[in-house]
Amino acid sequence: MNLSKLAQRAGTETAFEVLAKAKELERQGKKIIHFEIGEPDFNTPENVKKAGVNAINENYTHYSPTQGIPGLRETVANYISKTREIKVSPDEVMITPGGKDVIFSTALAILNEGDEAIYPNPGYPIYESAIRLAGAKPVPMPLLEENDFAFDREQFKKLVTPKTKLIIINSPGNPTGGILSLQDLEIIAEVAIKNDIVVLSDEIYSRILYDGEFHSLASLPGMKDRTVILDGFSKTYAMTGWRLGYAVANNEIIDGLKKIAVNSFSCVAAFVQLAGIEALNGPQDEPERMRKEYEARRNLIVSGLNEIPGISVKVPKGAFYVFPNIKKTGNKSKEVAEYLLNEAGVATLSGTSFGEYGEGYIRFSYATSQENIKLGLEKVKEAFPKLMG
Ligand SMILES: Cc1ncc(COP(=O)(O)O)c(C=O)c1O
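Since we're looking at a predicted model, the values are computed, not measured.

Brief notes about the nonpolar core
In terms of nonpolar packing, the biggest core is built from 64 residues, with Ile 301 and Leu 340 touching the most fellow members. The biggest single contributor to this core is helix H13 (residues 370–387), with six residues. For this core, the domains that each give at least three residues are domain 1 (5–44 + 285–387) and domain 2 (47–281). By size, the runner-up hydrophobic cluster in this structure holds 25 residues, among which are Ile 86, Met 239, Leu 244 and Ile 277.

Following this line, the structure appears as structure tokens:
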């Protein structure tokens, strides 16, 4: 049997593959230090867990509305109105099983075959995959180290054609930790308005920021109605396994997302949504504590990596990733990542897992303890001279 052309077009998220490989090595008795997956090592805050358990005990275990339960849509509308300084109504919110679904559903709801969609490269691999699944042409927007991993404004303008229907941006960004400045967003807004383009603004790391200020594209004049905000609970509240995210968009786009959802997941578990209400409305000291700890880890890993001959890394401003340059080794990123896993027991991802512009880099997720980071740095330091020939 041959899989469909659509299934064959789908890309993947290499982090899950490397995680499986690292786990297999662990099963064989090897010690592995994990830097591959973008998953907080913290547990979900107690108040949020309690809200979920209570909701199960109260039998919130039935089907619920496809767009999301009214209580959570209202909570998200208030949260986004406040944090993005725009007026959002609960009708403009769609609750999804994780932020990832917003990428997939938006691509399917907006793109037609033959359309073009611009996406960040290196970037979260699901962007390119979702564009391909929708039958559209992915157009990479290079994020270069010399621009602090923001895009080149002049080059960006040249990527836009009459076929461009969607632009995807991500700030703070995976895998680079770079952020887009207000001026960058103004250029995107200008181009989107002039050419009637929808923008998917992936803001899943908006609360994991160390330097600078977070700006949402949706806050810019004329942009609220042509922006799909993607945000969620996985990273900010350490809720990756709960599968809870959301889209904020105009009513027409929300209708499109709902159509896709009713054909696939029907609804997000109601007890998970009630936990989400508690996450947003309850005390915010846990997410802040986690953010501070990520910042300490960032400082540790950046200074440690910069001490290793052959590695240089810029200080990321947000998210929990570093994207060191390993070009001096003269090896391909994939070879370096494989070498570090097999020889040093350090699991990282090749920069090319995030697109062709990731060649010359590897990604470390530092959502792991300072103790692990120190141990990992020692192993990399020990193993690296061999790579340098
Ligand atoms: C940039 C970006 N967007 C979206 C997601 C998806 O998040 P979720 O686990 O909520 O689906 C991730 C997860 O790694 C991510 O890095």
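Remarks on the sheet that holds strand E2 (residues 93–96)
Read from one edge to the other, the open sheet built from seven strands follows the order E2-E8-E7-E6-E5-E3-E4, with strand pairing classed as mixed. Each edge of the open sheet is held by one strand with a lone partner, namely E2 and strand E4 (137–142). Pairwise comparison of adjacent strand axes, ignoring direction, gives a mean angle of 20 degrees for this sheet. Strand direction decides the pairing type here: strand E3 (residues 116–121) and E4, joined by six bridges, are parallel. Residue Ile 118 lies in a different strand from E4, and its bridge partner there is Val 139. In this fold helix H5 (residues 100–110) packs onto E2, strand E5 (164–170), strand E6 (198–202), strand E7 (227–232) and strand E8 (245–248), with an angle of close to 175 degrees to the strand it touches most, E6. Lying over the sheet, helix H6 (residues 126–133) contacts E3, E4, E5 and E6, oriented at roughly 165 degrees with respect to E3.

Some remarks on the site of the ligand
Close to the ligand lie 13 residues, the nearest being Gly 99, Asp 202, Tyr 205, Ser 234 and Lys 235. For the ligand, an oxygen atom lies 2.7 Å from a polar atom in the side chain of Tyr 205. Lys 235 has a polar side-chain atom sitting 2.7 Å from an oxygen atom of the ligand. Expressed as a share of its isolated accessible area of 400 Å², the protein-covered part of the ligand is 94%. Residues of the shell around the ligand, tallied by class, amount to four nonpolar, five polar and four charged.

Structural notes on the pairing of E2
Each regular strand shows side chains that alternate between the opposite faces of the sheet. Residues Val 93 and Ile 95 line one face of E2 and the alternating positions Met 94 and Thr 96 line the opposite face, and both faces are buried. Here four bridges tie E2 to E8, and the two strands are oriented antiparallel to one another. Each bridged residue has a counterpart across the sheet, and for Thr 96 the counterpart in E8 is Gly 245.

Looking at the pattern of salt bridges
Counting across every chain of the model gives 20 salt bridges. We note a salt bridge from Lys 314 to Asp 148, for which the minimum N-O separation is 3.5 Å. Remark: Asp 148 occurs in the loop between E4 and helix H7 (153–159) and Lys 314 occurs in the loop between helix H11 (285–306) and strand E9 (321–322); sequence separation between them is 166 residues. Two residues, Arg 289 and Glu 286, come together in a salt bridge whose shortest N-O distance is 3.0 Å. Of this pair, Arg 289 and Glu 286 are both found in helix H11, three residues apart, which corresponds to roughly one turn of the helix. Glu 286 sits in the partly exposed class, given a relative accessible area of 28%.

A word on the packing of H5 against H6
Two packed helices can be described by the angle between their axes and the distance between those axes. Direction vectors running N to C along H5 and H6 enclose 30 degrees, while the axes themselves pass 8 Å from each other. Between H5 and H6, the angle is such that the two are roughly parallel. Both H5 and H6 take part in a crossing whose hand is right-handed. In contact with Lys 100, Ile 103, Phe 104, Ala 107 and Leu 108 of H5, H6 contributes Ile 126, Tyr 127, Ala 130, Ile 131 and Leu 133. Along the lines of polarity and charge, the residues of the contact of H5 with H6 split into nine nonpolar, no polar and one charged.

Things to note about the packing of aromatic side chains
Summed over the entire model, instances satisfying the criterion amount to 14 aromatic pairs. Centroid distance Tyr 205 to Tyr 321: 5.7 Å. Interplanar angle 85 degrees. Geometry classified as edge-to-face. You can see Tyr 205 sitting in the loop between E6 and E7 and its partner Tyr 321 sitting in strand E9, a full 116 residues away along the chain. Residue Tyr 321 is classed as buried on the basis of its relative accessible area, which comes to 1%. An aromatic cluster is built from Phe 42, Tyr 205, Tyr 294, Phe 320 and Tyr 321, whose rings are joined through pairwise contacts.

Observations regarding the domain arrangement of the chain
According to the domain assignment, the chain consists of domain 1 (5–44 + 285–387) and domain 2 (47–281). Placing the centre of domain 1 and that of domain 2 at their C-alpha centroids yields a distance of 25 Å. Interface area, domain 1 with domain 2, both sides summed: about 3400 Å², of which 58% is carbon and sulfur. Of all residues in domain 1, Thr 44, Lys 317 and Tyr 357 bury the most surface against domain 2, accounting for 22% of the area lost on that side. For the pair domain 1 and domain 2, the number of links is two salt bridges. Among the salt bridges present, the one from Arg 298 reaches Asp 211, with a minimum N-O distance of 2.7 Å. Linking domain 1 with domain 2 are 24 residue pairs in polar contact (both at pLDDT 80 or more). Per element, the largest residue contribution to the side of domain 1 that touches domain 2 is six residues, and it comes from H11. Of the residues that constitute the side of domain 1 that touches domain 2, the class distribution is 18 nonpolar, ten polar and ten charged.

Concerning the sheet that holds strand E12 (residues 362–365)
As summarised here, the arrangement of the three strands in space is E9-E12-E11, forming an open sheet in which the pairing is antiparallel. Looking at strand neighbours, the two that pair on one side only are E9 and strand E11 (349–350), the edges of this open sheet. Here E9 runs beside E12; their pairing, made up of two bridges, is antiparallel. Bridged to Val 322 within E12 is Phe 364.

The rules behind the values
Along each chain, the written sequence defines residue order, and numbers are assigned to residues from 1. In keeping with the model being predicted, local features are shown solely for residues with a pLDDT of at least 70 and side-chain atom pairs are shown and tallied solely at 80 or more, while totals for entire chains, interfaces and linings include all residues. The side-chain figures draw on all heavy atoms in the structure; neither hydrogens nor water molecules are used. The definition of a nonpolar core used throughout is a set of buried Ala, Val, Leu, Ile, Met, Phe, Trp, Tyr and Cys residues joined through side-chain atoms within 4.5 Å. With a 1.4 Å probe rolled over the protein chains alone, any residue whose accessible area is under 20% of its type maximum counts as buried; one over 50% counts as exposed, and the rest are partly exposed. We count a stretch as a helix when DSSP gives it H or I for four or more residues in a row; a strand needs E for two or more, and each element gets its number in order from the N terminus. Note that the domain bounds reflect an automated or database-derived domain assignment. DSSP bridges decide pairing: two strands pair if at least two such bridges lie between them. Lines fitted to the C-alpha atoms define the axes, with helices restricted to the stretch that makes contact. Angles between their N-to-C directions range from 0 to 180 degrees. It only takes one pair of heavy atoms within 4.5 Å for two residues to be counted as in contact. Being near a molecule or strand, for a residue, means having at least one of its heavy atoms within 4 Å of it. Under the rule applied, a polar contact is a pair of N or O atoms within 3.5 Å (in protein, one hydrogen donor and one hydrogen acceptor; residues adjacent in sequence only if both atoms are side-chain atoms). Every accessible area reported is derived by Shrake-Rupley at a probe size of 1.4 Å, with residue values counting cover from the shown protein chains alone. Just so you know the grouping, Ala, Val, Leu, Ile, Met, Phe, Trp, Tyr, Cys and Pro go in nonpolar, Asp, Glu, Lys and Arg go in charged, and all remaining residues, Gly too, go in polar. Salt bridges, as used here, are contacts in which a Lys or Arg side-chain nitrogen is within 4 Å of a carboxyl oxygen on Asp or Glu. Angular relationships are summarised with four words: roughly parallel below 35 degrees, roughly antiparallel beyond 145, roughly perpendicular across 65 to 115, and oblique for the angles in between. Crossings are assigned a handedness: left-handed for a near helix turned anticlockwise from the far helix by less than a right angle, right-handed for a clockwise turn. Stacked, edge-to-face and tilted labels apply to pairs of Phe, Tyr and Trp rings (six-membered ring for Trp) whose centres lie within 6.5 Å, assigned for plane angles under 30 degrees, over 60, and everything in between, in that order. Take the accessible area each of two parts loses on contact, using a 1.4 Å probe, and add the two losses: that sum is the buried area.

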